[in-house]
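One letter stands for each residue in the lines below.
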Amino acid sequence: MTICADTPAENSAGQEAKDPRAAAEQKEPFLFNIQVPVWKYALVMAVISFVPSILLSFGLGAAGVMTEESGPELGGFGPVTDFAMIVWLSPVVETLLMGVILKVLSFISRRRYVLAAMSCGVWAGLHSLVSPAWGLVVFWPFFVFSCSYLAWRRRSWRHAVCVTSLIHMLHNLLPGLAIAIKGPVQ
């Protein structure tokens with residue numbers, strides 16, 4: 001079985017297994033529904049995370065709140081390295097750290113939405129240390145990433161890391177390409 005398998009369990013007759021937990025999970029909100037194929041979940045969640053974030057980023061830019069001077073300094077290591085760090089390395093490292101943060105926060109609350117909200121608050125605060133406006137821009141995506149991690153953690157730690165990293169990578173793809181092509185944002 002692959003770590004990101006997306007086929008339902010089948011019984012020996014080739015029929016889908018009747019699992020009461022599966023029926024309950026199908027009624028889950030999409031953010032927590034792990035009964036859909038991984039590719040579909042990741043793609044939809046990447047769009048759900050990216051669109052509001054980029055709109056807010058453009059809005060903050062238009063309002064003069066987030067400018068090249070006040071925004072985060074990204075890139076500067078060369079196009080290939082910048083792209084690899086933004087699109088591959090950062091999502092994996094941040095997902096691994098997210099697992100630790102969610103584990104610690106689970107001592108405060110076990111409710112998924114509360115955990116996701118606390119987690120994205122931590123991530124917004126950490127990103128705000130680099131640029132205050134950046135903390136606002138990453139608040140929503142990290143809520144989505146946290147929901148994803150919590151949803152797929154029910155299946156396995158590997159699924160949680162794999163799927164959440166994939167969503168984060170897709171989220172960072174266009175900004176990573178822009179920075180790699182344009183050069184560092186300062």
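K.L.:
Tell me about the overall build of the protein, and please be specific about residues and values.
P.N.:
Counting its regular elements, the protein contains six helices and zero strands. Listing each helix as α and each strand as β along the protein from the N terminus yields α-α-α-α-α-α. Split into buried and exposed, the 186 residues of the protein put 41% on the buried side. Excluding contacts between residues fewer than 6 apart, the proportion of contacts in the protein whose partners are at least 24 apart in sequence is 69%. Total accessible area computed for the protein in this model is approximately 10500 Å², and 68% of it derives from carbon and sulfur atoms.

K.L.:
Account for the packing of aromatic side chains, naming residues and giving values.
P.N.:
Overall, the coordinates contain seven aromatic pairs when judged by the stated rule. Ring geometry for Tyr-113 versus Phe-143: centroids 6.4 Å apart, planes at 15°, classification stacked. Of this pair, Tyr-113 sits in helix α4 (residues 112-128) while Phe-143 sits in helix α5 (residues 132-153), placing them 30 residues apart in sequence. A network of ring pairs unites the aromatic residues Phe-32, Tyr-113, Trp-140 and Phe-143 as a single cluster.

K.L.:
Talk me through the nonpolar core; I want residue IDs and the actual numbers.
P.N.:
Core analysis: the biggest nonpolar cluster contains 36 residues, and Tyr-41, Met-98, Phe-142, Trp-152 and Ile-167 have the highest contact counts within it. Residue assignment for this core shows that the elements contributing at least two residues are α2 (38-62), α3 (79-105), α4, α5 and α6 (157-182). Per-element tally for this core: the top contributor is α5, with 13 residues.

K.L.:
Kindly report on α3, identifying the contributing residues and their values.
P.N.:
With 27 residues, α3 extends 36 Å between its outermost C-alpha atoms, agreeing within 8% with the 39 Å of an ideal straight helix rising 1.5 Å per residue. Here α3 has its buried residues at Asp-82, Ile-86, Val-87, Pro-91, Glu-94, Thr-95, Met-98, Gly-99, Ile-101, Leu-102 and Leu-105. Contacts from the buried residues of α3 go to α4, α5 and α6.

K.L.:
Report on the side chain of Asn-172, specifying residues and quantitative values.
P.N.:
You can see Asn-172 is positioned in helix α6. In this structure the side chain of Asn-172 is engaged in a polar contact, spanning 2.8 Å, whose partner is the backbone oxygen of Ile-86. The contacts of Asn-172, once residues within four sequence positions are left out, are Ile-86, Val-87 and Pro-91.

K.L.:
Which residues make up a nonpolar patch on the surface, and what are the values?
P.N.:
A contiguous nonpolar patch, built from Trp-39, Leu-43, Leu-166, Leu-170, Leu-173, Leu-174, Leu-177 and Ile-181 and spanning about 770 Å² of accessible area, is present on the exposed surface. Looking at the nonpolar patch, the elements with two or more residues in it are α2 and α6. Its location among the elements puts Leu-43 in helix α2. A residue is classified by how much of its surface remains accessible, and Leu-43, at 46% relative accessible area, is partly exposed.

K.L.:
Kindly report on the packing of α5 against α6, identifying the contributing residues and their values.
P.N.:
Between α5 and α6, the least distance of the axes is 7 Å, while the angle of their chain directions is 155°. Between α5 and α6, the angle falls in the class roughly antiparallel. In this structure, α5 meets α6 at a crossing whose hand is right-handed. Touching Pro-141, Phe-142, Phe-145, Ser-148, Tyr-149, Trp-152 and Arg-153 of α5 are Trp-157, His-159, Ala-160, Val-161, Val-163, Thr-164, Ile-167, His-168 and His-171, all from α6. Partitioned by chemical class, the residues of the contact of α5 with α6 number 10 nonpolar, five polar and one charged.

K.L.:
Describe the pattern of salt bridges, naming the residues involved and giving the relevant values.
P.N.:
Taken as a whole and assessed by the stated rule, the structure comprises two salt bridges. For Arg-154, the salt bridge goes to Glu-28, with nearest N and O atoms at 3.1 Å. Taken together, the positions of Arg-154 in the loop between α5 and α6 and Glu-28 in the loop between α1 (20-26) and α2 put the pair 126 residues apart, joining distant regions of the chain. Classification of Arg-154 as partly exposed rests on a relative accessible area of 35%. Each of Glu-28, Arg-112 and Arg-154 takes part in one network of salt bridges that share partners.

What counts and how
Residues numbered from 1 in each chain as written. Predicted model: local features only at pLDDT ≥ 70, side-chain atom pairs only at ≥ 80, totals over all residues. Heavy atoms only, no water. Helix = DSSP H or I, 4+ residues; strand = E, 2+ residues; numbered from the N terminus. Buried < 20%, exposed > 50% of the residue type's maximum accessible area, 1.4 Å probe, protein only. Contact = heavy atoms within 4.5 Å. Areas by Shrake-Rupley, 256 points an atom, 1.4 Å probe, with all protein chains shown as cover. Phe/Tyr/Trp six-rings, centres within 6.5 Å; stacked < 30°, edge-to-face > 60°. Core = buried A, V, L, I, M, F, W, Y, C linked by side-chain atoms within 4.5 Å. Expected span 1.5 Å × (residues − 1). Polar contact = N/O pair within 3.5 Å; in protein donor to acceptor, adjacent residues only side chain to side chain. Patch = residues over 30% accessible without salt bridge, like charges linked within 9 Å, V, L, I, M, F, W, Y side chains within 5 Å. Salt bridge = Lys/Arg side-chain N within 4 Å of Asp/Glu carboxyl O. Axes fitted to C-alpha atoms, helices over the stretch in contact; angles between N-to-C directions. Parallel < 35°, antiparallel > 145°, perpendicular 65-115°, else oblique. Left-handed = near helix turned anticlockwise from the far one by under 90°. Nonpolar A, V, L, I, M, F, W, Y, C, P; charged D, E, K, R; others polar.

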